[in-house]
Amino acid sequence: MSGLMLVFLVVLIFVVLYQVARSSEMVAQIQGEQQFDKKRNKILGFSMLILMIAFFVGIVWCHEYMLPLMGPEAASNHGVQYDFMFKVTLWVTGIVFVLTQVLLFWFCFKYQRNGDKAPVFFAHSNKLELIWTTVPAIAMAVLVAIGLKAWFTMTGEAPKGAMQIEIVGKQFNWISRYPGPDGELGKKYFLNINDKDNLLGQDWKDKRNMDDIIIPNGELRLVKDVPVELIIGSRDVIHDVGLSHFRMKMDAVPGITTRIWFTPTITTAEMKMKTGNENFVYELSCDQMCGKGHYSMRAIVVVETQAEHDKWLKEQKSYYVQNHPEEFPAEAPIVAPVDSSKKITMNK
Amino acid sequence: MSNEAAIHTDVHTHDSHGHHDDHAHHEHKQHFITKYIFSQDHKIISRQFLITGIFWAIVGGLMSVFFRLQLGFPEQTFKVLTMFLGDWAHGGKMDPEMYYGLITIHGTVLVFFVLTGGLSGTFANFLIPLQIGARDMASPFLNMLSYWFFAIAGVIMFSSLFITTGPASGGWTTYPPLSALKEASMGSGLGMDLWLVSMALFVVSSLLGGLNYIVTILNMRTKGMSMTRLPLTIWALLFTAILGVLSFPVLLSAAVLLLFDRHAGTSFYLSEIYVAGKALPNVGGSPILYQHLFWFLGHPEVYIIMLPAMGMASEILATNSRKPIFGYFAMILSLIGITLLAFLVWAHHMFVTGMSPFLGGVFVLLTLLIAIPSAVKVFNWLTTIWKGNIRFTVGMCFALGFVSLFISGGLTGLFLGNSALDIHLHDTYFVVAHFHIVMGISAFFGMFAGIYHWFPKMYGRFMNNTMGYIHFFITFVGSYVIFWPMHYEGVAGMPRRYYDFSNWESFKQFGELNQMISIAAIIVFIAQLFFVFNYFVSIWKGKKVTDPNPWQSNTLEWTTPIKPGHGNWDGEIPEVHRWAYDYKDDGNGGDFIPQHIPLKEGEESH
Ligand code: HEM
Ligand SMILES: [Cu+2]
Ligand SMILES: [Cu+2]
């Protein structure tokens, strides 16, 4: 009922406003077209000026409000490059923005019609048009040059010795896999998948799988200053590995393997100090619409020191062992039978 | 069929041309249904498109109010949600499934039904014959079909809101496998089929319309109306139609393949999938193929939306500055540049799909190239109003607002087009801010400018000015308030298409801001109802037009009677002697010379 009342009220307001507006136009008619035109242009020309001032004040105010809410500095090598590039682009576009908006609103105010000024017939000028074709072209060339340089480093081959971690999306969580002591991820195939004891569809005939560690909640454990390559996949629909603190992102596409690499530069603990936020965590967000649970597809990323990482790794049991405890009498070392030449990818 | 013969002229012919009397004769017998429903008069069809567009804009807008309630107030419940959504909002809290359904349909109907069908359909139909001097479209019948396909597409889309599994809910881009597998989401059931069928019909409508517009512009210009004398509105509508005709079929093929994958067991887009506890047999397809097909339309689509707005803004800015448009040929060249480049940049929506970095690099280059013609247009508009005699009609205000918004939104394209930056910004609120400002709001501003400007020609009455100004200021300020802060959220990495952010350590600090945005969105929505009210009341109650050329404009539509009948001109179609922008001293104290006035002795044509 109250909804109906509300609708009624809104309509009533509309009608009243319309009537008021109409009568104000009657007045205008009595005043005469010319007089009315002049008055209107004066009011609106001036309003445009006010609008511009409000616009810029609003922007500054918004900026001040937002700054403390923005995330911390970039936490990866690529992120630093990104932040630099962002600043350059912001300056270039910022200058154009202020220039053009000021001109737009200023012209509105300055050139309002107020009487019978002779119209200016100015239909084209090759010189001007040439200038504002070439200047943007040069600016674009600069942006493209900076951009492509960054793009090719970011998407280039991961450096030798990068740590490899697999991250797989499914509705609606992430699963991560670490290569284990042999430093290599084993083969997998989607037909082998089952949610009971083979989350990723590992092929147990491939012995490299035996020591692979799976973290079913997708936690990523990265080491400060050690490059990491993420091997990205999906079990069902398209997801996206979004690592906003590291300024990195890559789709997880079923049937296709995608990769990104970067070097984390700030540990979680350090970031807690920097931000003064006890609860700070790096988060991995799913950035590609994947269904009703999309918004909750979250995983934690921990950046730690090498020592901490090694300690953590030691405590993990391989996924195979976890699921086949009977084959492994307690305490036996869980190392897959691989030749020692490729022990750890890091010294490959 | 000759142009003249196809038409029945209206009754109030005042001239003595014999053949008109016959026509006037069976005009009397025109039934309401043939005159207003199954009409073949381009002016009626244009109003049908516009009113259908307004309906869809209200539906789409209301949906955005609903999901903004969820985003701004995730902890609260709202009776109004239950009222509209029923079981989808039990106890006043919207279901995630419904949230995703709403954003999907919101995006689809605003992009396609409002800003493509509604915008092009309205103004291409209305302005092309009137401004080139033709009695109607090349094929009035196909034109009518175009509207009815559009209407049926709309009915199907609308019906998908009422089925038990809900409407399509994979986002307006409907990427497979999500959209291909009914196991993956409720909305991928019947709702998705209806979405695909509706879009297929929409493509048909758009092709029928587009071909008609192109043929009409190329073949049916009146005597003297050479291509280089056309108003920029017509140039823009021409390229809009060309873009549509060349790219919409690709969307159709994408949709057809998707239907096959859904129902015929094919694997165009599917490979190695394990969903809902079982592995699917499909191998060898690629979901990325769909994205290529979709964006091959999708990017041109954004210019299909943009160009008509650009054309109308050019026309309105020139008319109300009492100055010729600056750089007419540069404007045409930049339209051509935009049209060509629009086909070559689609993969900038796919930088993070794992595409080859080299290919990505090529698309960066092509994408940033498109900024050049865009910049030329902006500078030309600014120079057009420079030293003008600006008359602030409501249409003019909206055209000026359009320029402001286009600048703001275009500039953020430079961030997104640069792949290294897009890696971080992709699928965040930065993209949401970018495309709403540059396409959503600014195209709406172009559309409003057009409606306020040509309303007198459509209905023989004016819309109420004062209400128009209120509408302008609320919408202009409100749009920036809504979308400006979203850039910041995006830079902080806040992902788009999230139902709730409160569990995210990195994004929950924006809660208060999201509230503010939602409130602004509701206010702006109400201001649009204000416009709708003004529109409909003014059809019957608006101030009557007494001067056939109320804006002292140069183009041909103002040489028709105040309420032109089917056939547009009572007598002969006027002959054109000059370009559309002779806003200059006419020698008798006036400041404009319409296109049908012959050149004076010694006067140089442009
Ligand atoms: C200077 C010119 C422009 C450039 C360089 C540019 C660049 C881009 C890029 C790279 C994206 C993809 C962002 C992402 O998803 O990560 C994008 C998105 C988008 N742009 Fe633009 N853009 C420009 C102008 C426009 C114009 C004029 C329109 C509309 C008329 C437009 C509409 C859109 C839309 C609708 C999307 C988002 C589609 C979606 O993902 O849902 N852009 N733009
Ligand atoms: Cu997701
Ligand atoms: Cu695009």
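Everything numeric here is computed off the predicted structure, so don't read it as measured data.

Caption draft 1: Region of interest: the site of ligand 1. Residues and elements named next belong to chain B. In the vicinity of ligand 1, 22 residues are found, and the nearest of them are Trp172, Val302, Asp422, His426 and His434. At 2.5 Å from an oxygen atom of ligand 1 is found a side-chain nitrogen or oxygen belonging to Asp422. Between an oxygen atom of ligand 1 and a side-chain N or O atom of Arg496, the distance comes to 2.9 Å. Every element with two or more residues in the shell around ligand 1 is listed here: α9 (287–321), α13 (394–417) and α15 (429–459). Residue composition of the shell around ligand 1, by class: 12 nonpolar, 8 polar and 2 charged.

Caption draft 2: Spotlight on the environment of Thr108(B). All names here are of chain B. You can see Thr108 is positioned in helix α5 (residues 96–132). Residue classification places Thr108 among the buried residues on the basis of a relative accessible area of 0%. Expressed as a C-alpha distance, the spacing of Thr108 and Phe415, which sit 307 residues apart in the sequence, is 25 Å. Setting aside chain neighbours within four positions, we find Thr108 in contact with Phe113, Met157, Trp172, Trp195 and Met199.

Caption draft 3: Structural detail: the coordination of the copper ion (ligand 2). Residues and elements named next belong to chain A. Taken together, Cys286 (SG), Gln288 (O), Cys290 (SG) and His294 (ND1) make up the protein donors of the copper ion (ligand 2), found 2.0 to 2.6 Å from the metal. Bound by 4 donor atoms, the copper ion (ligand 2) shows angles of 86 to 129° at the metal and therefore tetrahedral coordination geometry. Each donor residue of the copper ion (ligand 2) lies on one chain, and together they are spaced C-x1-Q-x1-C-x3-H. The burial state of Cys286 is the same as that of Gln288; both residues are buried.

Caption draft 4: Layout of the side chain of Thr258(A). Residues and elements named next belong to chain A. Counting through the fold element by element, Thr258 comes out in strand β8 (residues 258–262). A relative accessible area of 3% places Thr258 in the buried class. Here Asp251 takes part through its backbone oxygen, which lies 2.8 Å from a polar atom of the side chain of Thr258.

Caption draft 5: Just the confidence of the model for chain B, in detail. Residues and elements named next belong to chain B. Per-residue confidence for chain B gives a mean pLDDT of 90; residues scoring 70 or more make up 95%. Low pLDDT, under 50, characterises residues 1–27; the stretch is placed with 45 contacts to residues that sit more than four places away or in other chains. The ipTM for the predicted assembly is 0.91, set against a pTM of 0.92.

Quick notes on the rules
- Residues numbered from 1 in each chain as written.
- Chains lettered and ligands numbered in written order.
- Predicted model: local features only at pLDDT ≥ 70, side-chain atom pairs only at ≥ 80, totals over all residues.
- Heavy atoms only, no water.
- Near = heavy atom within 4 Å.
- Polar contact = N/O pair within 3.5 Å; in protein donor to acceptor, adjacent residues only side chain to side chain.
- Helix = DSSP H or I, 4+ residues; strand = E, 2+ residues; numbered from the N terminus.
- Nonpolar A, V, L, I, M, F, W, Y, C, P; charged D, E, K, R; others polar.
- Buried < 20%, exposed > 50% of the residue type's maximum accessible area, 1.4 Å probe, protein only.
- Contact = heavy atoms within 4.5 Å.
- Donors = N, O, S within 2.8 Å, 3.2 Å for Na, K, Ca; no water.
- Tetrahedral: all angles 85-135°; square planar, octahedral: opposite > 155°, others 65-115°.
- pLDDT = per-residue confidence, 0-100.

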